Each structure stands twice: as C-alpha cells, then as structure tokens.
Amino acid sequence: MKVIDTGNHIAALAAKMARPEVIAAYPITPQTTVVERLAQYVERGELDAEFIRVESEHSAMAACIGASATGVRTFTATASHGLLLMHEMIHWAALARLPIVMINVNRAIGPGWNIWSDMNDSMAQRDTGWIQFYVSSNQEIFDTVIQAYRIAEHEDVMLPVMVSYDGFILSHTSMAVDVPEQEKVDSFLHEFNSMWKLDSSHPITHGNIIMPDDYMEVRYSMKKAMDNAMKIIEEVDEEYGKKFGRSYGLVEEYKTEDADYVIVATSAIASEARVAIDVLREKGKKAGLARLRVHRPMPFSRFNYDKMIVIDRAVSLGLGNGGIIYNELKSRGDVYGFVAGLGGKDVNYKDIVKMYEMAEKGKEGWYGVEVD
Amino acid sequence: MASIKNFPKEEYVLKGHAACPGCPITIALRTALKALGNDVTLIVPASCSAVVQSLVPKTSFNVPVLNIAFAASASAASGVAAALKRLGKKTIPVVWAGDGGSYDIGIQALSGALERREDFIYVCYNNQMYSNTGIQRSGATPYGAWTTTTWTGKKEMQKELAEIVMAHHIPYVATASIAYLDDLYEKMKKAKEMEGPRYIEIFSPCPPGWRFDMSKTVEIARLAVQTGSWVLYEAINGKIEFTSYSKMLLKGRERKPIEDWLRMQGRFRHLTEEDIKRIKEAIDEKWKYYMQIYNKD
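Just so we're clear, the structure is a prediction, and the values are computed from it rather than from any experiment. (Residues numbered from 1 in each chain as written. Chains lettered and ligands numbered in written order. Predicted model: local features only at pLDDT ≥ 70, side-chain atom pairs only at ≥ 80, totals over all residues. Heavy atoms only, no water.)

1. A few points about the overall build of chain A
No. 1: Each helix and strand counted, chain A has 11 helices and 16 strands in total.
No. 2: Here chain A has a C-alpha radius of gyration of 20 Å; the compact-globule value for 372 residues is 21 Å, and the two agree.
No. 3: Referenced to the eigenvectors of the C-alpha coordinate spread, the extents of chain A come out at roughly 70 × 50 × 45 Å.
No. 4: Residue burial in chain A is summarised as follows: out of 372 residues, 60% are buried.
No. 5: In chain A, the proportion of contacts linking residues at least 24 apart, taken out of those at least 6 apart, comes to 79%.
No. 6: Accessible area of chain A: about 14100 Å², with a carbon and sulfur share of 50%.
No. 7: Side-chain charges in chain A split into 39 positive and 53 negative, and the spacing between the mean points of these groups amounts to 4 Å. (Helix = DSSP H or I, 4+ residues; strand = E, 2+ residues; numbered from the N terminus. Rg over C-alpha atoms; globule rule 2.2 N^0.38 Å. Buried < 20%, exposed > 50% of the residue type's maximum accessible area, 1.4 Å probe, protein only. Contact = heavy atoms within 4.5 Å. Areas by Shrake-Rupley, 256 points an atom, 1.4 Å probe, with all protein chains shown as cover. Lys, Arg positive; Asp, Glu negative; His and termini not counted. Charge placed at Lys NZ, Arg CZ, Asp CG, Glu CD.)

This is how it looks when you write it as structure tokens:
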C-alpha cells in the first residue's frame with residue numbers, strides 16, 4: 001500500500017508494525033508527532049501496547065531498559081536535548097545489551113534554541129555502543145525501523161539501535177512510502193529475543209559491582225557484537241530486499257566506479273548530493289557519491305576511493321577542522337572536509353557543487369563561513 | 001499483628017553479602033522480602049544496596065535484581081511494571097533505594113511514576129545521608145548533623161519525602177523503622193495486597209555514617225521513634241493513622257528526651273545548646289501539629 005506522509009508519521013507507523021509491547025517517550029520538537037501518533041494508535045486500540053507517558057527522556061530510556069530487561073520489545077523516540085538528557089541511560093542500555101530501538105530526529109543543541117537539523121546530538125552518542133543509522137528518505141525510515149529490530153535482537157548482536165534522520169527536512173516532509181502488509185512484516189520479524197531477562201522463577205542479579213577484569217570482558221563482548229553487527233546489518237538488509245524489494249547496504253554508492261572525487265555524506269545532505277553528482281557529471285566532472293548509512297559500526301573497508309570530499313553536519317571542536325566523519329575517514333585516502341549545514345543552515349545541491357569545485361582546488365573548511 | 005517469631009522462614013537475603021557490620025539495610029530488606037515473598041523484581045539505583053549484593057558474578061539477593069542508574073529507579077520500575085502487565089505476570093516491581101536516590105536525584109522520576117499511578121512498590125531506606133559515597137549530606141540529613149559536606153553541621157532542616165509523596169494521592173504511604181520489624185512487616189504485607197503506586201520509607205541508622213557502635217543500630221532506631229524524631233504512620237488512600245509506638249505517643253505517652261538520642265551519635269557531638277534547643281522545638285512543633293490533626297478519636 002502506498003501512503004503519503006511525513007517522516008515522523010512513517011516512523012510511528014513502522015514502530016507500530018514492529019509490534020512493540022512497551023513504548024516510553026517524551027515529546028520534543030521536531031520528534032513530537034512520532035509520540036502523538038503512537039499515543040493515538042494505542043488509545044484507538046490499533047496498537048496493543050503499553051504507552052508510558054514519562055516525565056523526561058532520561059526516564060523514557062530507563063523505562064525502556066526496565067521493560068526490555070523484563071523480556072518485551074520496546075520503542076522510543078527523541079531528539080536533540082532529549083537525547084542528551086538520556087545520555088547516561090543510552091550507555092546503560094548498550095552495556096546491558098538490551099535490544100531497544102530508538103528514533104532520533106536530528107536537531108541542533110542550544111543555546112540559543114535552534115530546532116533545525118544538525119547531527120551533533122546523535123554524533124555525540126557515537127561512543128555509547130549503539131548501532132547508528134542515518135537515513136535519507138521516509139521510505140528508508142520505514143524500512144530501517146523494521147530492519148533495526150531484526151539486527152538489535154539478533155543473537156550475535158544484542159545491541160540497541162538508533163535510527164536518525166533530519167529534523168523537518170524529513171520529519172515534517174511528506175513523501176510517498178510503500179507500506180507492506182502487516183503479515184509480511186510479522187513474518188520478517190521474529191518473536192522478541194534477548195540475551196537475559198528478569199524472571200522471578202529464575203532470579204538473577206544484573207549490574208551489581210563488577211571488578212576490572214570482568215568489566216574489560218564485558219566491553220570486549222560489546223566490541224565483538226559491534227563487529228558482528230557489520231555482517232548482520234548486511235544480511236538483514238539483503239533478506240529485507242528479497243522480501244520487500246528494497247535494500248540499502250552500509251554505504252550506498254552512486255556513480256563511484258570512475259569517479260575522480262567521491263562525496264561522502266549522510267542523511268538529507270546525501271540526498272541533495274545525488275542531485276549535485278548529476279549536475280557535476282553534466283559539467284563533465286567525474287563525481288561520485290558514497291552515502292554513509294551506518295555510522296556505527298563504521299564500515300571503513302568500504303571507503304576505497306582515491307579522493308574523498310566529506311561533508312559533516314556535526315562537529316567535534318578541537319579535532320582538526322571539526323568534521324567527525326571527515327576525521328574518521330581521513331586515514332583512508334586524499335580527503336577534503338567541509339563542515340556545513342549546522343543548526344539547519346541550508347545545504348542544497350548548488351552548495352555541494354561549489355564544495356566539489358573548491359576541493360578540486362585544494363580548498364576545504366567551514367562552508368559558508370570560512371570558505372565560500 | 002505479626003510477630004517476628006512468626007515471620008516466614010524463607011530467606012531471600014543470603015549469607016555472604018557485603019554490608020558493613022550493624023548495617024540496617026539487610027535487616028530491612030530481609031524483613032521486607034519475608035513479607036513480599038520472592039515473586040518480585042528489585043530495582044536498585046546507585047546506593048549501598050548495590051554494593052551489599054556483592055560482586056559479579058555472585059549475588060546475595062535471591063530475587064531478580066535490576067541495578068539501574070541513580071536517577072532512574074522509579075522510571076525503570078515503570079518499564080518493568082508495563083512489561084509484567086504485558087506478560088500477564090503477577091510479579092511486583094519493588095524499588096529499593098536510599099534517601100539520596102529518593103529525596104534528591106531520583107525525586108523527579110519518583111514523582112512522575114507516582115502521578116502516572118504505576119503499579120509498583122517504592123521503598124526508600126532512609127539513612128539520612130549519602131552513605132555509599134562516604135557520608136555526604138542529603139535532603140534527608142537532619143539539622144546539625146555532621147557529614148563530609150557539612151563539616152560544621154547541616155544548616156538546614158530535612159524535608160519530609162513521605163509527605164511530598166502523599167501529595168500525589170496514591171493508595172498507600174507508610175513510614176517504618178528497622179527497630180519495629182513487626183510494624184514494617186505488616187506494612188509490607190498491606191502494600192503487597194494493593195495495586196498502584198505504594199511508598200514505604202524505612203528509617204535506617206548507619207553506624208559509620210552516624211558515628212555510633214555497630215551494636216547500637218536497633219537501639220538508635222528505636223530511640224528515634226521513642227523521642228518522636230522519627231514517626232511511624234501509614235496512609236491508606238490519604239487517611240493517616242499512626243502505628244506502633246508512635247500511636248502511643250499520639251495517645252499521650254511521654255516522648256523520651258531528644259538529647260538521649262542525639263548523645264548516642266558522633267555526628268551530633270559538636271551541637272551547641274542553641275542547636276539542641278532548635279531541634280527540640282522543631283520536634284515539639286511537629287507533634288503539636290500531629291496532636292491537633294490526627295488525635296481525633
């Protein structure tokens with residue numbers, strides 16, 4: 001069935017079709033309509049689940065942890081400051097190896113208050129042990145939420161999954177989305193599966209004092225799980241492709257085969273970059289695009305291009321020019337980095353064409369501020 | 001009325017735990033679990049109880065335990081409760097938190113869970129300070145008490161969390177003490193049979209924190225009640241009834257002098273006559289109010 005709806009409503013629909021048993025969420029712009037829609041589904045009886053209308057995002061993640069540890073599928077959604085308030089529990093969920101799935105609608109961090117797209121919120125969570133997706137269309141939001149549960153609950157993974165997309169650019173923009181039948185989704189998602197659970201007939205204690213040697217083992221098991229995730233993400237994506245006709249991969253390539261420079265970008269900027277590639281090709285330039293869809297685990301081995309132009313919508317200040325993905329990929333070739341679009345500053349295909357042409361001349365930096 | 005002699009023989013706090021000698025936590029939890037039974041899930045935030053369980057991969061608590069971040073116990077319990085409901089299980093989620101995790105850092109999550117009428121029991125064992133980090137002031141630390149963040153004595157009075165909790169209009173609120181285990185047991189039993197949010201606060205004197213000998217824990221807890229410094233009551237659907245020894249005080253029995261209680265604790269060693277007068281006046285005021293409001297029959 002084709003529907004036309006906003007990214008947030010599609011995210012809520014996908015979450016509903018994944019049949020979570022417990023949802024705990026707190027509203028925050030621009031995620032709010034995800035929460036509103038889910039509350040509506042539950043109150044209308046269209047989704048048979050418990051919806052905990054928590055008093056903060058810290059509590060939202062804590063409630064998901066409690067529910068997941070008791071043995072049921074959970075869902076939450078947040079953005080920006082909500083994600084930051086959650087930060088402690090985000091670490092907790094990963095260390096507890098609970099397969100929670102969360103939507104994060106990328107939004108800038110204050111002050112001043114800025115509700116527009118910026119990835120510093122989720123990029124700041126990149127070391128928490130969550131699998132991180134950055135998606136580029138409403139269709140991909142739907143597909144990735146469904147895939148996320150399969151990945152998170154896979155016995156070789158057992159790590160939580162965060163699916164991020166741009167505030168407003170996707171969250172509030174309507175697009176056509178192909179929504180599969182519920183039965184088809186049901187047959188793709190298995191029964192909820194977790195590594196451990198709280199059960200009074202088999203009492204266990206989780207999370208008490210742990211000594212350094214054991215702690216190191218726990219961390220190493222997470223490392224292995226994250227390594228496994230690379231393969232599982234691809235397997236799940238492939239199986240999804242066979243069943244639903246769409247798959248995306250870890251990195252989505254566009255005209256990279258003969259490219260002189262490959263643009264590396266995520267999310268909405270990557271969609272815009274696709275247009276820029278066509279424009280550049282028309283101008284006779286051999287431009288290509290590698291859209292980074294999965295940021296954790298980072299698919300380093302996929303980046304085998306001679307020259308790359310990385311566009312970051314998030315910064316780690318004090319780390320070179322600040323671009324996070326730029327810094328991560330710097331070792332893999334001749335890489336030019338642009339920081340662009342912070343706080344929702346518009347980045348359209350013309351800007352990306354300009355960045356490409358600047359990189360050709362050896363220029364890089366903060367686009368629209370430092371270099372123009 | 002329950003009697004200690006008749007408590008169930010089952011033990012859910014096992015030998016080999018890591019509590020200090022004279023610790024009130026194990027007394028409280030042992031009794032609470034005897035009343036509640038083992039069809040519970042304990043949710044324990046950062047606190048001494050996280051240490052008392054002992055080290056991974058062992059545990060001394062023979063019921064399921066979810067350790068959780070300091071500010072998160074009531075919200076994690078909300079998630080546990082929701083999941084248990086989905087699974088159709090009768091297991092009771094029981095938060096087991098200290099006063100730091102309840103009065104201070106966890107009060108937002110607690111208030112939220114109470115207002116949402118989550119189906120769980122919240123137990124605050126109140127030792128009037130942050131004991132796990134090594135004796136720092138909390139919102140429950142009484143006026144004048146020495147802690148490592150109030151070297152010359154706390155300058156402010158404690159707040160009354162049970163009264164704040166009562167403002168949420170929940171089915172059951174009770175205060176208890178590790179010196180009156182029959183009373184504590186009865187209250188846990190009552191809470192077990194109810195639905196919705198239930199709150200029980202247990203007065204728990206800490207030997208190293210309050211600077212008294214480990215053999216005196218129960219004695220000091222008892223004196224706190226007998227001097228009227230700590231009060232035992234319960235509120236079913238908002239209706240307050242004093243219980244045990246506090247009920248006798250309400251009916252007119254004379255309170256023991258507060259100096260007797262203060263003198264037993266090193267944390268009050270530096271108090272001036274002025275300080276003691278202030279503490280005395282506060283207790284007198286409190287009881288004057290109780291007499292007016294609750295001594296109606």
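After that view, the rundown keeps rolling.
2. So, the overall build of chain B
No. 1: Helix and strand counts for chain B come out as 12 helices and 8 strands.
No. 2: The C-alpha radius of gyration computed for chain B amounts to 18 Å, which stays within 12% of the reference 19 Å derived for 297 residues, consistent with globular compactness.
No. 3: Here the C-alpha coordinates of chain B stretch approximately 60 × 45 × 40 Å along the principal axes.
No. 4: Here chain B, with 297 residues, has 60% of them falling under the buried criterion.

3. With respect to a nonpolar patch on the surface
No. 1: A contiguous nonpolar surface patch, about 230 Å² in accessible area, is contributed by Ile209 and Met211 of chain A together with Leu55 of chain B.
No. 2: Along the polypeptide, Met211 of chain A turns up in the loop between β9 (205-206) and α8 (212-244). (Patch = residues over 30% accessible without salt bridge, like charges linked within 9 Å, V, L, I, M, F, W, Y side chains within 5 Å. Salt bridge = Lys/Arg side-chain N within 4 Å of Asp/Glu carboxyl O.)

4. Some points on the domain arrangement of chain A
Where the parts come together, the accessible area they lose is often given as the size of the interface.
All names here are of chain A.
No. 1: Assigned domains of chain A: these are domain 1 (2-244) and domain 2 (251-366).
No. 2: Taking the mean C-alpha position of each, domain 1 and domain 2 sit 27 Å from one another.
No. 3: Each side of the interface is counted separately: domain 1 has 29 residues, and domain 2 has 26 residues.
No. 4: Around 2200 Å² of area is buried between domain 1 and domain 2 when both sides are counted, 51% of it from carbon and sulfur atoms.
No. 5: Considering only the side of domain 1, the residues that lose the most area to domain 2 are Met123, Arg126 and Ser136, jointly responsible for 25% of the buried surface there.
No. 6: Counting across the interface, domain 1 meets domain 2 through 6 salt bridges.
No. 7: The salt bridge partner of Arg313 is Asp166, with a shortest N-O separation of 3.4 Å.
No. 8: The interface formed by domain 1 and domain 2 includes 19 residue pairs in polar contact (both at pLDDT 80 or more).
No. 9: Elements with a minimum of two residues in the side of domain 1 that touches domain 2: α5 (120-123), β6 (131-134), α6 (138-152) and α8.
No. 10: Considering every element that reaches the side of domain 1 that touches domain 2, the biggest residue donor is α8, with 6 residues. (Domains from an automatic or database assignment. Buried area = accessible area lost by both parts, 1.4 Å probe. Polar contact = N/O pair within 3.5 Å; in protein donor to acceptor, adjacent residues only side chain to side chain.)

5. Concerning the packing of helix α3 (residues 57-70) of chain A against helix α3 (residues 73-87) of chain B
The packing of two helices is summarised by the inter-axis angle and the distance between the axes.
No. 1: Axis separation between α3 of chain A and α3 of chain B bottoms out at 6 Å; the angle between their running directions is 40°. By the criterion of interaxial angle, the relationship of α3 of chain A to α3 of chain B is oblique. Here α3 of chain A and α3 of chain B pass one another in a crossing that is right-handed. Residue-level inspection shows Ser59, Ala62, Ala63, Gly66, Ala67 and Thr70 of chain A of α3 of chain A in contact with α3 of chain B, the latter providing Ser75, Ala76, Gly79, Val80, Ala83, Leu84 and Leu87 of chain B.
No. 2: For the contact of α3 of chain A with α3 of chain B, the residue count by class is 8 nonpolar, 5 polar and no charged. (Axes fitted to C-alpha atoms, helices over the stretch in contact; angles between N-to-C directions. Parallel < 35°, antiparallel > 145°, perpendicular 65-115°, else oblique. Left-handed = near helix turned anticlockwise from the far one by under 90°. Nonpolar A, V, L, I, M, F, W, Y, C, P; charged D, E, K, R; others polar.)

6. Some thoughts on the layout of surface pockets
No. 1: In this structure, the largest pocket spans a volume of roughly 720 Å³.
No. 2: Breaking the lining of the largest pocket down by element, the ones donating at least two residues are α4 (80-95), β9 and α8 of chain A.
No. 3: Per-element accounting of the lining of the largest pocket gives the leading share, 4 residues, to α4 of chain A.
No. 4: Lining the second largest pocket we find 23 residues, and of these Ala81, Lys85, Lys89, Asp119 and Glu195 of chain B sit closest to its centre.
No. 5: For the lining of the second largest pocket, the secondary-structure elements that each account for two or more residues are β3 (50-52) of chain A together with α3 and β3 (92-98) of chain B.
No. 6: Looking at the lining of the second largest pocket residue by residue, the classes come out as 8 nonpolar, 3 polar and 12 charged. (1 Å grid on protein atoms, 1.4 Å probe; cavity = no way out; pocket = protein on both sides within 12 Å on 5 of 7 lines; lining within 4 Å. Points joined across faces, edges and corners; volume = space filled by probe spheres on them.)

7. Some remarks on the sheet that holds strand β8 (residues 239-242) of chain B
Within a sheet, neighbouring strands are paired by backbone hydrogen bonds and run either parallel or antiparallel to one another.
No. 1: A sheet is described by the order of its strands in space; here 9 strands give the open sequence β9(A)-β2(B)-β1(B)-β3(B)-β4(B)-β6(B)-β5(B)-β7(B)-β8(B), paired in mixed fashion. Strands at the two margins of the open sheet, each flanked by one partner only, are β9 of chain A together with β8 of chain B.
No. 2: Two elements, strand β1 (residues 40-45) of chain B and strand β2 (residues 65-68) of chain B, share 4 bridges in a ladder whose sense is parallel. Its bridge partner being in β2 of chain B, Pro45 of chain B is matched across the sheet by Ile68 of chain B.
No. 3: Of the strands in this sheet, β1, β3, β4 (121-126) and β6 (198-203) of chain B are in contact with helix α1 (residues 24-36) of chain B, which crosses β3 of chain B at around 170°. (Pairing = 2+ DSSP bridges.)

8. Notes on the environment of Met157 of chain B
All names here are of chain B.
No. 1: By the secondary structure assignment, Met157 is in the loop between β4 and α6 (161-166).
No. 2: Taking the C-alpha atoms as reference points, Met157 and Ala282, separated by 125 residues in sequence, lie 9.0 Å from one another.
No. 3: Not counting residues within four places of it along the chain, the set of residues in contact with Met157 comprises Thr141, Tyr143, Arg278 and Ala282.

9. Topic: the pattern of salt bridges
No. 1: Under the definition given, this model contains 44 salt bridges over all chains.
No. 2: Residues participating in the shared-partner salt-bridge network are Glu140, Asp237, Glu252, Arg291 and Arg293 of chain A.

10. Considerations on the packing of helix α1 (residues 7-17) of chain A against α6 of chain A
All names here are of chain A.
No. 1: Relative orientation of the contacting elements α1 and α6 amounts to 25°, with a least axis distance of 9 Å. In terms of orientation, α1 lies roughly parallel with respect to α6. Both α1 and α6 take part in a crossing whose hand is right-handed. Taking contact as the criterion, the partners of Gly7, Ile10, Ala11, Leu13, Ala14, Ala15 and Met17 in α1 are, on α6, Asn138, Ile141, Phe142, Val145 and Ile146.

11. Examining the pairing of strand β14 (residues 307-312) of chain A
Residues and elements named next belong to chain A.
No. 1: Counted residue by residue, β14 has 5 buried out of 6 residues, so it is predominantly covered.
No. 2: Strand direction decides the pairing type here: strand β11 (residues 261-265) and β14, joined by 3 bridges, are parallel. Residue Ile263 lies in a different strand from β14, and its bridge partner there is Ile309.
No. 3: Summarising the sheet, β14 and strand β15 (residues 334-339) pair through 6 bridges and their orientation is parallel. Note on β15: the bridge partner recorded for Met308 is Val335.
No. 4: Considered for its hand, the β-α-β crossover made up of β14, helix α10 (residues 324-329) and β15 is right-handed. (Right-handed = clockwise from strand over helix to strand, strands pointing away.)

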